[in-house]
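# Examining the three-dimensional arrangement
The primary structure of each chain is shown beneath.
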Amino acid sequence: MTTALRRYPVLIALCIAALFMVVPFLIVAINAVKSPTEYSQNGPLSLPKGLYTTGLKDFWERVDYGQKLFNSVLISGSVAVLAAALSVLNAYAIGIGRIKGRTWVLAFFVLANMLPQEALVYPVYYLSKQAGLYDTRLSVIIVFTVIQAAFGTYLLSSVLGQFPREIIEAARIDGANKWQVLWRIVVPVSRPTIGVLLVFFFIWTWNEFLLPLVMLISNDNQTVSVALGVLQGQRLMDATMTNAAALLGVLPALVFFLVFQRTLTRGIAVGAVK
Amino acid sequence: MTVTVERGARTGGGQPPAGPRRPRTRDSYALFLLPGFLAFTAIIIVPFLMNTGVSFTEWQGIGSPKWTGLANYRDLLDDSEFWASFRHSLFMVVAMAVVPTVIGLVLAAALFDYVGKHFGGKVAAVLRACFYLPQVLPIAVAGIVWSWILAPDNGSLNELLKAVGLGSWQQDWLGDPDIALYSVMGVMVWVQIGFPLVVFMAGLQRVDPQLHEAAELDGAGWWRRFWHITLPQIRPEIYVVLTWCTIAALKVFGAVYVLTKGGPGGATDVPSYFSFTTFFEKTQVGYGAAISTILTVIILALSLILLKLQTRSEEGDRA
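It should be emphasised that the depicted structure is a prediction, and the values quoted were computed from it without experimental measurement.

Right, let's get into the overall build of chain A. Scanning chain A from terminus to terminus reveals 13 helices and 0 strands. Counting helices and strands in the order they occur from the N terminus, chain A gives α-α-α-α-α-α-α-α-α-α-α-α-α. Scaling as 2.2 N^0.38, a compact globule of 274 residues should have a C-alpha radius of gyration of about 19 Å, whereas chain A reaches 24 Å, well beyond that. With the principal axes as the frame, chain A shows a C-alpha extent of 75 × 70 × 30 Å. Counting over 274 residues, chain A shows a buried share of 48%. Within chain A, contacts between residues at least 6 apart in sequence are counted, and of these 77% link residues at least 24 apart.

Let us now look at the overall build of chain B. On a plain count of helices and strands, chain B comes out with 15 helices and 2 strands. When the 319 residues of chain B are sorted by exposure, 45% land in the buried category. A fraction of 72% describes how many contacts in chain B between residues 6 or more apart in sequence connect residues 24 or more apart.

Residues and elements named next belong to chain A. Here helix α9 (residues 178–189) spans 15 Å end to end across 12 residues, near enough to the 16 Å set by a 1.5 Å rise per residue. Among all positions in α9, only Lys-178, Val-181 and Val-186 are buried. Down the axis of α9, the sector holding all buried residues measures 50°, keeping them to one side. Exposed residues on α9 whose side chains face more than 90 degrees from its buried face are Trp-179, Trp-183, Arg-184 and Pro-188. In this structure, the buried residues of α9 make contact with α4 (65–96), α7 (137–160) and α8 (165–173).

We now examine helix α8 (residues 180–192) of chain B. Helix length check: α8(B) (13 residues) gives 18 Å between terminal C-alpha atoms against 18 Å at 1.5 Å per residue, within 8%. Close packing links the buried residues of α8(B) with α4 (80–118), α5 (121–136), α6 (139–149), α9 (194–204), α12 (235–250) and α13 (254–259) of chain B.

A few words on the interface of chain A and chain B. Taken together, the contacts link 79 residues of chain A with 86 residues of chain B. Of the residues forming the side of chain A that touches chain B, the biggest block, 16 residues, is contributed by helix α13 (residues 239–273) of chain A. When grouped by side-chain class, the residues that make up the side of chain A that touches chain B number 55 nonpolar, 18 polar and 6 charged.

A few words now on the domain arrangement of chain A. Residue and element names in this part refer to chain A. Once the domains are mapped, chain A shows domain 1 (2–42) and domain 2 (64–273). The distance between the C-alpha centroids of domain 1 and domain 2 comes to 33 Å. Tallying the contact residues gives 7 residues for domain 1 and 7 residues for domain 2. If you list the elements that add at least two residues to the side of domain 1 that touches domain 2, you get α1 (2–32) and α2 (36–42). Ranked by the residues each element gives to the side of domain 1 that touches domain 2, the list is headed by α1, at 5 residues.

Moving on, we come to unusual backbone geometry. All names here are of chain A. Not every positive phi belongs to a glycine, and Arg-98 is a case in point at roughly 45°. Along the chain, Arg-98 falls in the loop between α4 and α5 (102–114). Positive phi values are uncommon outside glycine, yet Asp-135 reaches one of about 60°. Looking at the element boundaries, Asp-135 is found in the loop between α6 (118–130) and α7. According to the C-beta neighbour criterion, Asp-135 is partly exposed, with 17 such atoms within 10 Å.

This part covers the packing of α6(A) against helix α2 (residues 34–54) of chain B. One way to put it is that α6(A) packs onto α2(B) with a least axis distance of 8 Å and a crossing angle of 105°. Between α6(A) and α2(B), the angle is such that the two are roughly perpendicular. Of the residues in α2(B), those touching α6(A) at A:Ala119, A:Leu120, A:Tyr122, A:Pro123, A:Val124 and A:Leu127 are B:Ile44, B:Pro47, B:Phe48, B:Met50 and B:Asn51. Taken together, the residues of the contact of α6(A) with α2(B) break down into 10 nonpolar, 1 polar and no charged.

Analysis parameters
Residues numbered from 1 in each chain as written. Chains lettered and ligands numbered in written order. Predicted model: local features only at pLDDT ≥ 70, side-chain atom pairs only at ≥ 80, totals over all residues. Helix = DSSP H or I, 4+ residues; strand = E, 2+ residues; numbered from the N terminus. Rg over C-alpha atoms; globule rule 2.2 N^0.38 Å. Buried ≥ 20, exposed ≤ 12 C-beta atoms within 10 Å, placed from the backbone. Contact = placed C-beta atoms within 7 Å. Expected span 1.5 Å × (residues − 1). Arc of directions from axis to C-beta. Nonpolar A, V, L, I, M, F, W, Y, C, P; charged D, E, K, R; others polar. Domains from an automatic or database assignment. Axes fitted to C-alpha atoms, helices over the stretch in contact; angles between N-to-C directions. Parallel < 35°, antiparallel > 145°, perpendicular 65-115°, else oblique.

Take a look at the structure:
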């Protein structure tokens, strides 16, 4: 009885809390389409009178935003695919091969995943300079492939550890070698988990800040996160530009969120249910 | 964004049946580990060892490092900036682990018990999505959004306070050394809250509804059921989220870089930002390496605790 009476107040309280979470996005959206004069006259809280897109266009051209988007997609996409492949290979040996000392190998990957990037950043910066890879997108792809694969190995190993062994035994008896078992059986069957990893790796790499900030200094190579972070750090943007930057930064994240929402929740379920 | 709690990670695994043919086939799987082994050696192990080695030297990034033993660590103990940065880390742990876990628990239970059961899973899913949204946002973008909202002149928060007649509460939220740290903490709560919420909501699905029904029949109110049934049932998730978020809090860098650059006057400096500036602005590479090594030791210790908790909760599940 009391539960029924309290239902609506609780719902309303939760809606207000949820609104508080999304209000910053709404404020950014309404201010990104205001003209500078309108902004200075009416402040940030008024609704826009029309759609003013010059600010967005100016910002897009000034920072060459298309190039930044391309860099981010290229880096995040490559890392997602390569890190998933590396994770599959590692997890195949640990989860299905059950190699000797696998507990230690797995513990190593977990710790590698936990390692703060601050403890790697200077040597990585120094070594990449020595190798002639400094300020290239390739360097960031290589580093993040390994960092993300640490997590992927950890997750996939536990999933493959429960892989039905009869299927593998049957294939082996039919004469399939280890590679064939991997590509024809293990990978197709584990596709849902690998899909989750691809999405996570993509978004995580997209959001990475410290290492790309150090490694990518020229404008042509920078990712969205780095370019926006550096601009903000220089404190050179006026209100209109800040809002344009914020809106253009939020939009891709919003798109990923809507596109991948089911995968994201499933991914969390994969981990939590097991 | 940190997601997923793999409580089930089967680090131990079951022993495979021992057969005469077994060992040979098993070991040749090690070949599949070769690319991973090489990549991890080059990208993680070698840089990590280099960093640790450099922490015992004095080095400007060029020329050869000069061995100084523990001098960097001794200097750190007397460096008030260093202690301040770790003190601020504790504030970050409160903002990114303690507060989000507590709020996340209440929100998850309320969403699950009230909204999910009485208004349908759709409504609960939409609300959950709202809370989770900041987690997919690049921290650099979140920083831009908030530093503009918290701006002293014409910032939305100050404008809002003026509009509702609380003009005297206006502050230079990120520029006042007494307030900046709390402002950053507030932003971090906003960023972090979705993670515990989503993990706890997934965990709540394991709780047997009959327990709640029985307790409700016995006259237990919502808070009592929350305290005596919900909390103990999802204790493994709580431990894991707390440890995971604590590690994230110790690593926090992007938010500080974008919001305050550690300022004003070092009021929001954190270890990772401190090591970053020591590396790349002061180019005292040895000193920076010592800072990051200490940070690493703390984080690895916490990680070992996390692993312990996970294996223990896994054993608890089996028992």
